[in-house]
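The primary structure of each chain is shown beneath.
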Amino acid sequence: MSDEHKHHHHPHESAAPVTSQDAGSQALAEALGSSFAIVKVVMVLMVFAFFASGFFTVGPQEKAVILRFGKPIGEGQKALLTAGLHWSLPYPIDEVVRIPITEIQKVTSNSGWYLTTPEAELSEVEMPAGASLNPAVDGYAITADRNIIHTRATLYYHIDDPIRFVFDFVSASNTVQNALNNALLFTAARFNVDDILTRDVAGFHDAVLQRVGDLLEKAQLGIVIDQCEVQSIPPRQLKEVFAQVTTARENRNKLLNEAHTYENQVLNLSGAQATSVTNAAAAERTRYVDSITAESKRFSDLLPQYRSNPSLFEQMTFVQTMSQVFTNVQDKIYLPQRADGKPRELRLQLNREPQQPKPAAAP
Amino acid sequence: MKRNLLTLVIGAVLIVIFALLLFVFQVRQSEVAVVTTFGKPTAQPYDKPGAYFKWPWPIQKVYKFDQRVQNFNDKFSENLTADNNNLLTSVYVGWKISDAKSFFPKFAGGSVPAAQRMLESMLRSAKSAVIGKHTLSEFVNADPKDLQFDAIEKEIESSVQAQLQTNRCGIALEFLGFKKIGLPESVTQAVFARMTSERQVLISRAQFEGEGEAQKIKSAANRQASETINNAVADATRIRGEGEAAAAKVLPVFQQNPELANFLLRIDAIQQSLNQRATLIFDERTPPFDLFTGIPASSPSK
């Protein structure tokens, strides 16, 4: 019973302090409750902040890759996030790697040009060249015929596989530059100086491009070449003498052009002359044949008349002709025979020039 | 009860996160890791990106290395070619850590500068050995058959490759090539002198060539022109001959009466010769002026 009483009593006893400390504990519970509420709100906010921190933006000049536990999500081009708002899990689960790429990248070679500064090149005032090239600072290439030239190239490319470009190379653009340097050296070593500078500039350019393309493909940089510019000049020390060669060649071409012009003129002229000679002959032939044909026709027409009375025909024709002749003739002098039958003496004064035009010109 | 469950879950999550931080490590895409157990590297390679398990420090320790291709170029240095030319060369290489487990103990703590120093010395010996075997004309040559540029690069590369293999340093050579080639400064001056004289030869050749060629072209043109004219003259003669041949066919007509033909010719001659601006002196015997001597005289005479 006592046991039962105890048993009964206990809950009663335990209930008693609750009721007795009612106000205090209630205040505590309320305080705890409200602070728990604040904690809850804070926790909810933190959870929000936690997830919101996963948002990030990618700018127009860059691309981004999310690494989950260090491994890119997606393969190749699919792994690339373009400009805009994106979300990732927070660190250390996900990590965002930004790849700054403008669309076209540009790299210039640096081992084939003499020492200069961009400012000096812009102002086109070149630093005076020494008698020799200092290998420590002046770059150049040796051509197949062992001449020295300066050459440089600028390569434009875009990144085709950013994963490879960023995650496989510490400095991919440096590799591109080295490949470009090597391409210039290699190609210059195969070309003669005149081909590089004047005769086969395009061929040199294509060969450089070919070589650099091969090297980059071998290195698997994940880039695509857009364009390549190559510039080559003779050493500044020999600028004059190279220019003289160019002038001499231009002069030669000028002489040749002049000769060709002369050739054309002479040939055209002789052709024209030849044509006129043959044409004249042909015309003469026609005229001759025509006239003789006409003559023969006249002969055939006159023949019956003549046959009927030759002397009458002859006299008539002669008198007709003479009347015509006398009409046409300018001066007619009738000189009858002297009565005594002796010959007359006649003096002729002959002028070399025809007399007619002189009086007209005199006044 | 509910609150207890929530607390438990939160506690568990926290413990899991803590455990993960202690027991898990990440290998990034570009990295390779070496895990040491009490200082001794474990056999398992960590060369693929992802998350991996490890025992916490001090049992295991993680070392991470950059697995990407690194660029390195040696100093611009002078070597003697087989034909005793001094040639300055600089070579670029792309190398990467291929075996982190070998790389790690070889260079104190996997130091990259230490590795590059070793590469530099390997390149130096490879270059002097290879360049010494080749003549300058194998470096530069217009004939692709004689040009050994590529082959020389390959020889240097395989020499370095062999040295890397014997040393077992966990480095792989990705590519190698000449970056810069030059001549000693004093030699450049000599080259300039030679180039100048070569240019001068070209200048005078261009001058002579121009004059000679122009002369050739002009004289050829003249010859051709006179040939054309001569041909034309010959043609003209032939054409005239044709005309005469055609005329000859007409001649038999005149043979029917040579007297008339003769008479007509003379009449024509008079007409043509006394055409214009002629002065004719005649006496009374010239018909029709014979009439002047008197009509009656003529009629009784008959």
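On a predicted model such as this, the values are computed, not experimentally measured, just so you know.

Conventions and cut-offs
Residues numbered from 1 in each chain as written. Chains lettered and ligands numbered in written order. Predicted model: local features only at pLDDT ≥ 70, side-chain atom pairs only at ≥ 80, totals over all residues. Helix = DSSP H or I, 4+ residues; strand = E, 2+ residues; numbered from the N terminus. Contact = placed C-beta atoms within 7 Å. Pairing = 2+ DSSP bridges. Core = buried A, V, L, I, M, F, W, Y, C linked by C-beta atoms within 7 Å. Buried ≥ 20, exposed ≤ 12 C-beta atoms within 10 Å, placed from the backbone. Axes fitted to C-alpha atoms, helices over the stretch in contact; angles between N-to-C directions. Parallel < 35°, antiparallel > 145°, perpendicular 65-115°, else oblique. Nonpolar A, V, L, I, M, F, W, Y, C, P; charged D, E, K, R; others polar. Expected span 1.5 Å × (residues − 1). pLDDT = per-residue confidence, 0-100.

### Some remarks on the overall build of chain B
Phase 1 of the analysis: In terms of regular secondary structure, chain B is built from 8 helices and 10 strands.
Phase 2 of the analysis: Considering only contacts in chain B between residues 6 or more positions apart, those separated by 24 or more positions represent 67%.

### So, the overall build of chain A
Phase 1 of the analysis: Per the secondary structure count, chain A includes 10 helices and 10 strands.
Phase 2 of the analysis: In chain A, 76% of the contacts between residues at least 6 apart in sequence involve partners at least 24 apart.

### Section: the sheet that holds strand 3 (residues 40-41) of chain B
All names here are of chain B.
Phase 1 of the analysis: Read from one edge to the other, the open sheet built from 3 strands follows the order 3-2-5, with strand pairing classed as antiparallel. The open sheet is flanked by strand 3 and strand 5 (60-66), the only strands paired with a single partner.
Phase 2 of the analysis: By the bridge criterion, 7 bridges tie strand 2 (residues 31-37) to strand 5 in an arrangement that is antiparallel. Counted as the bridge partner of Val32 is Phe65 from strand 5.

### Describing the nonpolar core
Phase 1 of the analysis: Core analysis: the largest hydrophobic core is formed by 83 residues, its most contacted members being Val176(A), Leu180(A), Ala188(A) and Ala189(A).
Phase 2 of the analysis: Here this core takes 9 residues from helix 5 (residues 172-188) of chain A, the largest share from any one element.
Phase 3 of the analysis: Residues contacting Ala188(A), with those up to four places away along its chain left out, are Ala141(A), Ile142(A), Thr143(A), Ile149(A), Thr151(A) and Ile196(A).
Phase 4 of the analysis: Among the nonpolar cores identified, the runner-up in size contains 6 residues, and Leu238(A), Phe242(A), Val245(A) and Met195(B) belong to it.

### Structural notes on the packing of helix 8 (residues 239-308) of chain A against helix 6 (residues 185-250) of chain B
How two helices pack is summed up by the angle between their axes together with the distance between the axes.
Phase 1 of the analysis: Where helix 8 of chain A meets helix 6 of chain B, the axes come as close as 9 Å, and the angle between the chain directions of the two elements is 5°. Here helix 8 of chain A lies roughly parallel to helix 6 of chain B, going by the angle between them.
Phase 2 of the analysis: Classifying every residue of the contact of helix 8 of chain A with helix 6 of chain B gives 34 nonpolar, 18 polar and 14 charged.

### Concerning the pairing of strand 9 (residues 171-182) of chain B
Residues and elements named next belong to chain B.
Phase 1 of the analysis: The buried fraction of strand 9 is high, at 9 of 12 residues.
Phase 2 of the analysis: Two strands pair when backbone bridges link them, and strand 8 (residues 86-97) and strand 9 are joined in this way by 10 bridges, in the antiparallel orientation. Residue Leu88 lies in a different strand from strand 9, and its bridge partner there is Gly182.

### Some points on the sheet that holds strand 2 (residues 62-68) of chain A
The pairing of strands in a sheet happens through backbone hydrogen bonds and is either parallel or antiparallel.
Residue and element names in this part refer to chain A.
Phase 1 of the analysis: Spatial ordering of the open sheet is given by 3-2-5, a layout of 3 strands whose pairing is antiparallel. Of all strands in the sheet, those bounded by a partner on one side alone are strand 3 (71-72) and strand 5 (94-100).
Phase 2 of the analysis: Where strand 2 lies against strand 3, 2 bridges are found, and the strand directions are antiparallel. In the strand pairing of strand 3, Arg68 is matched with Lys71.

### Side note on unusual backbone geometry
Phase 1 of the analysis: The backbone of Gln220(A) sits at a positive phi, close to 50°, despite the residue not being glycine.
Phase 2 of the analysis: As for its placement among the helices and strands, Gln220(A) is situated in the loop between helix 7 (201-219) and strand 9 (223-233).
Phase 3 of the analysis: Even without being a glycine, Asn84(B) presents a positive backbone phi close to 60°.
Phase 4 of the analysis: The topology assignment puts Asn84(B) in the loop between strand 7 (77-80) and strand 8.
Phase 5 of the analysis: With 8 C-beta atoms packed within 10 Å, Asn84(B) lands in the exposed category.

### With respect to helix 2 (residues 22-52) of chain A
Phase 1 of the analysis: When the terminal C-alpha atoms of helix 2 of chain A are compared, their 44 Å separation across 31 residues agrees well with the 45 Å that a helix rising 1.5 Å per residue should span.
Phase 2 of the analysis: Among the 31 residues of helix 2 of chain A, 0 are classified as buried, and the element is accordingly described as predominantly exposed.

### So, the confidence of the model for chain A
All names here are of chain A.
Phase 1 of the analysis: A residue-level look at chain A finds 89% of positions with pLDDT of 70 or above and a mean pLDDT of 83.
Phase 2 of the analysis: Segment residues 1-17 is flagged for pLDDT under 50; beyond a separation of four residues in sequence, or across chains, it makes 0 contacts in the model.
Phase 3 of the analysis: Every residue in residues 357-363 is under pLDDT 50, and counting partners more than four places away or in other chains gives 0 contacts.

### Points about the environment of Glu263(A)
Phase 1 of the analysis: The topology assignment puts Glu263(A) in helix 8.
Phase 2 of the analysis: When sequence neighbours within four positions are dropped, the list of residues in contact with Glu263(A) reads Ile217(B), Lys218(B) and Ala221(B).

### Considering the interface of chain A and chain B
Size of an interface: often given as the accessible area lost when the parts come together.
Phase 1 of the analysis: Taken together, the contact pairs 103 residues of chain A with 98 residues of chain B.
Phase 2 of the analysis: When residues of the side of chain A that touches chain B are assigned to their parent elements, the largest contribution, 39 residues, is made by helix 8 of chain A.
Phase 3 of the analysis: Residue classes in the side of chain A that touches chain B are distributed as 56 nonpolar, 32 polar and 15 charged.
Phase 4 of the analysis: Note: strand 10 (residues 331-334) of chain A against strand 10 (residues 279-282) of chain B, 4 bridges, orientation parallel. Among the inter-strand pairings, Ile333(A) is bridged to a residue of strand 10 of chain B, identified as Ile281(B).

### Digging into the confidence of the model for chain B
Low pLDDT marks stretches whose predicted atomic positions should not be read closely.
Residues and elements named next belong to chain B.
Phase 1 of the analysis: Here chain B shows a mean pLDDT of 86. Residues at 70 or above account for 96%.
Phase 2 of the analysis: Highest mean pLDDT in chain B belongs to strand 8 (92); lowest belongs to helix 8 (residues 295-301) (46).
Phase 3 of the analysis: In this model residues 297-302 is a low-confidence stretch, pLDDT under 50, and it forms 0 contacts with partners more than four residues away in sequence or in other chains.

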